[in-house]
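Descriptive structure summary
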Amino acid sequence: MRVSALGFILLVGYSTALTDIEHKPFLRKNMDPIIFPGQYKSHMHSFYGSDAITKDLPTTAELQQGCPSGENPNDLSIYWAPTLYYVQGDNYTEIYPATFKTYYENVDKAEIPFPPNFYAVAGNASAKSQADVSENINALTWWCDTGADDRNTRPRATFPRSTCAAHMQVILRFPDCVDPNNLQNHTYAAMNGGVCPTGMKRMVSLRFSVRYNTQKAIPQGWSGIPPFQLACGVLGDGYCFHGDFINGWFDDAAKTMLQAKGQTFMRIDGAHGNGKQYSSCKTKDQNPTEGTSDYLTSLTAMGGA
Ligand SMILES: *[C@@H]1O[C@H](CO)[C@@H](O)[C@H](O)[C@H]1NC(C)=O
Ligand SMILES: *[C@@H]1O[C@H](CO)[C@@H](O)[C@H](O)[C@H]1NC(C)=O
Ligand SMILES: *[C@@H]1O[C@H](CO)[C@@H](O)[C@H](O)[C@H]1NC(C)=O
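The protein chain is annotated in an unreviewed UniProt entry as DUF1996 domain-containing protein of Lachnellula suecica.

**Considering the sheet that holds strand β4 (residues 78-82)**
Taken together, five strands build an open sheet; the order of strands is β2-β3-β4-β16-β8 and the sheet is antiparallel. The open sheet is flanked by β2 (25-29) and β8 (119-123), the only strands paired with a single partner. On average, adjacent strands in this sheet sit at an angle of 20 degrees to one another, irrespective of strand direction. Summarising the sheet, β8 and strand β16 (residues 242-246) pair through five bridges and their orientation is antiparallel. Bridge pairing in β16 links A122 to G243.

**Digging into the pairing of strand β1 (residues 19-23)**
Along a regular strand, successive side chains alternate from one face of the sheet to the other. Of all five residues that make up β1, five are buried, and the element is covered over most of its length. Looking at chain direction, β1 and strand β7 (residues 97-105) are connected through five bridges and run antiparallel. Note on β7: the bridge partner recorded for E22 is K101.

**A look at the pattern of salt bridges**
For the structure on display, the rule yields 15 salt bridges. For D149, the salt bridge goes to R151, with nearest N and O atoms at 3.3 Å. Given a relative accessible area of 25%, D149 falls into the partly exposed group. Residues joined by salt bridges that share partners form a network here, namely D149, D150, R151 and R154.

**Some words on the pairing of β7**
With eight of its nine residues buried, β7 lies for the most part within the structure. Bridging between β7 and strand β14 (residues 205-212) involves eight bridges; their strand directions are antiparallel. When the bridges of β14 are listed, K101 appears paired with S209.

**Digging into the side chain of D179**
Mapped onto the elements of the fold, D179 is located in strand β11 (residues 177-179). No salt bridge is formed by the buried D179; its nearest oppositely charged neighbour, K201, is found at 9.8 Å. From its side chain, D179 meets the backbone nitrogen of N181 in a polar contact 3.0 Å long. When residues no more than four places from it in sequence are discounted, the contact partners of D179 are N185, G199 and M200.

**Some thoughts on the nonpolar core**
Of all hydrophobic cores here, the largest spans 55 residues; its most connected members are Y79, Y104, F114, W142, F241 and W249. If you look at the next biggest cluster of nonpolar residues, it comprises 12 residues, including F26, M31, I34 and L63.

**Some words on the side chain of Q229**
Mapped onto the fold, Q229 is located in strand β15 (residues 228-230). For Q229, the side chain forms a polar contact with the main-chain oxygen of G233, separated by 3.1 Å. Setting aside its immediate chain neighbours within four residues, Q229 contacts T83, L84, Y85, V87, Y92, F159, V234, L235 and Y295.

**Some points on the packing of aromatic side chains**
Evaluated as defined, the whole model comprises 20 aromatic pairs. Centre to centre, the rings of F174 and F245 are 6.4 Å apart; their planes meet at 80 degrees, and the pair counts as edge-to-face. Taken together, the residues F174 in the loop between β10 (168-173) and β11 and F245 in strand β16 connect sequence positions 71 residues apart. An aromatic cluster is present here, built from Y48, Y79, F100, Y104, F114, F118, F174, F208, F245 and W249 joined pairwise through their rings.

**Here we look at the sheet that holds strand β6 (residues 91-94)**
Pairing between the strands of a sheet is mediated by backbone hydrogen bonds and can be parallel or antiparallel. A sheet is described by the order of its strands in space; here three strands give the open sequence β6-β5-β15, paired in antiparallel fashion. In this open sheet, the two strands that pair with only one neighbour each are β6 and β15. The average angle at which neighbouring strand axes cross in this sheet is 40 degrees, direction not considered. Here strand β5 (residues 84-88) pairs with β6 via four bridges, running antiparallel. Paired with V87 across the two strands is Y92, which belongs to β6.

Parameters at a glance
Sequence order as written defines residue numbering, which begins from 1 separately in each chain. Chains and ligands are labelled sequentially in the order written, the chains with letters from A and the ligands with numbers from 1. Per-residue local features are limited, in this predicted model, to residues with pLDDT of at least 70; the limit for side-chain atom pairs, both in listing and counting, is 80 or more; totals at the level of whole chains, interfaces and linings are taken over all residues. To get the side-chain values, take all heavy atoms of the structure and skip hydrogens and water. Between any two strands, pairing holds if DSSP finds at least two bridges. Each helix corresponds to a stretch of at least 4 residues labelled H or I by DSSP, and each strand to a stretch of at least 2 residues labelled E; elements are numbered beginning at the N terminus. Lines fitted to C-alpha atoms define the axes here, with helix axes fitted over just the stretch in contact, and angles between the N-to-C directions of these axes take values from 0 to 180 degrees. Exposure classes here rest on a 1.4 Å probe applied to the protein chains alone. A residue is buried below 20% of its type maximum, exposed above 50%, and partly exposed in between. Throughout this description, the term salt bridge denotes a Lys or Arg side-chain nitrogen within 4 Å of a carboxyl oxygen of Asp or Glu. Charged residues are defined here as Lys and Arg on the positive side and Asp and Glu on the negative side; His and the ends of the chain fall outside this count. Counting of polar contacts relies on pairs of N or O atoms within 3.5 Å, with two restrictions inside protein: one atom must be capable of donating a hydrogen and the other of accepting it, and residues adjacent in sequence are counted only when both atoms are side-chain atoms. Contacts are assigned to residue pairs with any non-hydrogen atoms lying within 4.5 Å of each other. Note on terminology: a nonpolar core comprises buried Ala, Val, Leu, Ile, Met, Phe, Trp, Tyr and Cys residues joined through side-chain atoms within 4.5 Å. Two rings from Phe, Tyr or Trp (for Trp, the six-membered ring) form a pair when their centres are within 6.5 Å of each other. A pair whose planes differ by under 30 degrees is stacked, one over 60 is edge-to-face, and the rest are tilted.

The structure is reproduced here in structure tokens:
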């Protein structure tokens, strides 16, 4: 039997995409409801998902009151990551993702859906070197979408050292084991020989895939250390990339997701609609006069760092 090249990639690729959702960015602000609840003193983050998000840590039920920026109306989760900037002197211009996607993988291994009120952080916002990054656990890597890329000759969590012909992509995987009796007690199966520690349950493996439109932001390209900076980092380094997730999946769809076990894509439909239909509501900032969306102002709010 012949196996096509594509089939080969799907079968042996390091991760099989069973279902995914695209989300539009709808808010950037100097807040972090998990790390700094109730305050505007975080580095800048870009937010994707339920617009019910504020500076305060929400419950799943509260997120479900919002309008989703993503294509699946059954997913009112909120997802965020540090904002990426094109830097020219002290002019910081956001580089928008061409796509921000959340993938839900290793579904065949999952024992439970994301529990209500589950939230988690992936990555290390203080990371300053490749040694602070655990790629073998969370997959954090930056590369050029075309594949023509230098990731094996530079530290893999720095940005590519020459122009990406298409987008610049980053991926990051979230914890997939949780203690159902203490949701803040969670970890990665990959840290425990590929299985969850005794007493924990396996969830699907959430992975961010962000494809930044560097071509549009910097048409002239770059060579050497690129003029990009994450809100948490320094010029040229992607080490501090991190992600946050608060579960807002409606119960029915979260359970349906556990059926996405094959090698082919499964759309996650639910009582709120088909999983690719987007929503007719308009996302908005719940507190437009609070916090800042300006990079330099956010530094002042952090204490002049
Ligand atoms: C900042 O950079 C952006 C992107 O290159 C440019 O469009 C904008 O005009 C610049 N702003 C200032 C004040 O130089
Ligand atoms: C995160 O980065 C900091 C800063 O370099 C480092 O001290 C710490 O060990 C890292 N944490 C992990 C879990 O690797
Ligand atoms: C975390 O969960 C594991 C497995 O249930 C358990 O052994 C451990 O005591 C828990 N730790 C905390 C701090 O709850």
